[in-house]
Amino acid sequence: IDATVPGEGLPIPADVRTAAGDVQRPVIIVCPGFLAYRRWGFFPWVSERLALAGFHVVTISFSHSGTDEVTGMITRPEEFAANTVSKELSDLGRVLRWTASDSFPLRAAPARGLLGHSRGGSVSLLAALSSPEVRSIVTWSTPSRLDRYTSRRKKAWKRNGALEFQDSRSPVPLRLDYSYYEDIDANREIHDPLKAAAALTIPHLVVHGERLSLIHI
């Protein structure tokens, strides 16, 4: 099912999968990381496997991904630039509420599971702490901290107002506004993935490649 999560703000596109038909099942929400979206890479395959295992699966694109959901290209760079961790947490809260509402197209059991890749894993960890319906979580290649920037880069970021970079999925240079870092800095204590992981009392599976050099666990 190609769906859009209802609520205020920018649209949150979602792919809803199930092999259980009208049978009540727990819901797993799959959250992509930085630069990714619901149909990026392995997400469709993983989501299909989870659905075949008996779960209802909701694979989302965060509202500020800036992605054309048909081509996979980042065609709305202004939206991408304005993203923050707080906005993604708000998005995930919106998705959790939707899966418990009458407008959700499948019969959902009370339990929720979260599967987050890269930054989506960090957002999932933070959301799980304040969401009692979340009964299990998987984090895949997830960084242990959100502030991974050098002092030199942060000074340049503040001076220029944005961090600019190239990506093959965008015809123009992408940027991340300094408001992204300001959000991390202002919420440093409560947006701490490592602290959140330590405080969890639910099952937590950590998946991380031994040779993954870009992200340190």
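Everything quoted here is computed from the prediction, not taken from an experiment.

*Asks:* Quick one: what's the story with the overall build of the protein chain, residue by residue and with numbers?
*Replies:* In terms of helices and strands, the protein chain carries 7 helices and 9 strands. For 217 residues, the compact-globule formula gives about 17 Å, and the C-alpha radius of gyration of the protein chain, at 17 Å, lands near that figure. Summarising its shape, the C-alpha atoms of the protein chain cover approximately 55 × 40 × 35 Å along the three principal directions. Within the protein chain, the proportion of its 217 residues that are buried is 48%. When contacts within the protein chain are restricted to residue pairs at least 6 apart in sequence, those whose partners lie at least 24 apart make up 70%. When the accessible surface of the protein chain is totalled, it reaches about 11,000 Å², and 54% of it is carbon and sulfur. A gap of 5 Å separates the mean positions of the 26 positive and 23 negative side-chain charges of the protein chain.

*Asks:* I'd love a proper account of the nonpolar core, names of residues and values included.
*Replies:* Counting 40 residues, the largest nonpolar core has Ile 29, Val 58, Ile 60, Val 85, Leu 92 and Trp 98 as its most contacted members. When residues in this core are grouped by element, the largest group, 6 residues, is from helix 3 (residues 85–99). Among residues more than four places away in sequence, those in contact with Ile 29 are Val 58, Ile 60, Leu 92, Val 95, Leu 96, Thr 99, Gly 113, Leu 114 and Leu 115. One finds Val 30, Phe 43, Val 46 and Leu 50 within the second-largest nonpolar core, a separate group that totals 9 residues.

*Asks:* Outline the pattern of salt bridges, supporting the account with residue identities and numerical values.
*Replies:* For the structure on display, the rule yields 14 salt bridges. Linking Arg 39 and Asp 15 is a salt bridge whose minimum nitrogen-to-oxygen distance equals 2.8 Å. Of this pair, Arg 39 sits in the loop between strand 3 (25–31) and helix 1 (43–52) while Asp 15 sits in strand 2 (residues 12–17), and the two are 24 residues apart along the sequence. By relative accessible area, Arg 39 is classed as partly exposed at 32%. Linking Glu 69 and Arg 38 is a salt bridge whose minimum nitrogen-to-oxygen distance equals 2.7 Å. With Glu 69 in the loop between strand 4 (56–60) and helix 2 (77–81) and Arg 38 in the loop between strand 3 and helix 1, this pair connects stretches of sequence that are 31 residues apart. Comparing Glu 69 with Arg 38, the two get one shared label, buried.

*Asks:* If you had to explain the environment of Leu 35 to someone new, which residues and values would you point to?
*Replies:* Within the fold, Leu 35 resides in the loop between strand 3 and helix 1. Through-space distance from the C-alpha of Leu 35 to that of Asp 185 is 21 Å; in sequence the pair is 150 residues apart.

*Asks:* Before we move on, could you go through the sheet that holds strand 1 (residues 2–5) and cite the residues and values that matter?
*Replies:* The strand order 1-2-4-3-5-6-9 describes an open sheet built from 7 strands, whose pairing is mixed. Across the chains shown, the open sheet's two edge strands, defined by having one partner strand only, are strand 1 and strand 9 (204–207). Taking the axes of each pair of neighbouring strands and ignoring which way they run, one obtains an average angle of 25° across the sheet. Inspection of the sheet shows strand 3 paired to strand 4 by 4 bridges, in the parallel sense. If you follow Ile 29 over to strand 4, its bridge partner there is Val 58. Packed on one face of the sheet, helix 4 (residues 119–129) meets strand 3, strand 5 (108–117), strand 6 (134–140) and strand 9 and runs near 140° to strand 5.

*Asks:* I'd like a description of empty space enclosed by the protein, backed by residues and values.
*Replies:* Any empty space left between the atoms is revealed when a probe the size of a water molecule rolls over them. Applying the stated criterion across every chain, the model contains 1 cavity of 30 Å³ or more. In this structure, the largest cavity encloses a volume near 90 Å³. Along its surface, the largest cavity is lined by 14 residues, and Gly 33, Leu 35, Ala 36, Ser 65 and Glu 88 are the ones closest to its centre. A per-class count over the lining of the largest cavity returns 6 nonpolar, 5 polar and 3 charged.

*Asks:* Lay out the packing of aromatic side chains with the relevant residues and their values.
*Replies:* Taken as a whole and assessed by the stated rule, the structure comprises 13 aromatic pairs. The interplanar angle of 20° and the centroid separation of 6.3 Å between the aromatic rings of Trp 157 and Tyr 180 together place this pair among those described as stacked. Of this pair, Trp 157 sits in helix 5 (residues 151–160) while Tyr 180 sits in helix 6 (residues 178–186); the two residues are 23 residues apart in sequence, bridging distant segments of the chain. These aromatic residues form a ring-pair network of at least three members: Tyr 149, Trp 157, Tyr 178, Tyr 180 and Tyr 181.

*Asks:* Break down the layout of surface pockets for me, with residues and values.
*Replies:* Quantified by volume, the second largest pocket comes out at close to 180 Å³. What lines the second largest pocket is a set of 16 residues, and nearest its centre among them are Ile 28, Phe 55, Gly 113, Leu 114 and Ser 136. Of all elements in the fold, only strand 3, strand 5 and strand 6 reach the threshold of two or more residues within the lining of the second largest pocket. Here the lining of the second largest pocket is built from residues that sort into 12 nonpolar, 2 polar and 2 charged.

Scoring rules and cut-offs
- Residues numbered from 1 in each chain as written.
- Predicted model: local features only at pLDDT ≥ 70, side-chain atom pairs only at ≥ 80, totals over all residues.
- Heavy atoms only, no water.
- Helix = DSSP H or I, 4+ residues; strand = E, 2+ residues; numbered from the N terminus.
- Rg over C-alpha atoms; globule rule 2.2 N^0.38 Å.
- Buried < 20%, exposed > 50% of the residue type's maximum accessible area, 1.4 Å probe, protein only.
- Contact = heavy atoms within 4.5 Å.
- Areas by Shrake-Rupley, 256 points an atom, 1.4 Å probe, with all protein chains shown as cover.
- Lys, Arg positive; Asp, Glu negative; His and termini not counted.
- Charge placed at Lys NZ, Arg CZ, Asp CG, Glu CD.
- Core = buried A, V, L, I, M, F, W, Y, C linked by side-chain atoms within 4.5 Å.
- Salt bridge = Lys/Arg side-chain N within 4 Å of Asp/Glu carboxyl O.
- Pairing = 2+ DSSP bridges.
- Axes fitted to C-alpha atoms, helices over the stretch in contact; angles between N-to-C directions.
- 1 Å grid on protein atoms, 1.4 Å probe; cavity = no way out; pocket = protein on both sides within 12 Å on 5 of 7 lines; lining within 4 Å.
- Points joined across faces, edges and corners; volume = space filled by probe spheres on them.
- Nonpolar A, V, L, I, M, F, W, Y, C, P; charged D, E, K, R; others polar.
- Phe/Tyr/Trp six-rings, centres within 6.5 Å; stacked < 30°, edge-to-face > 60°.

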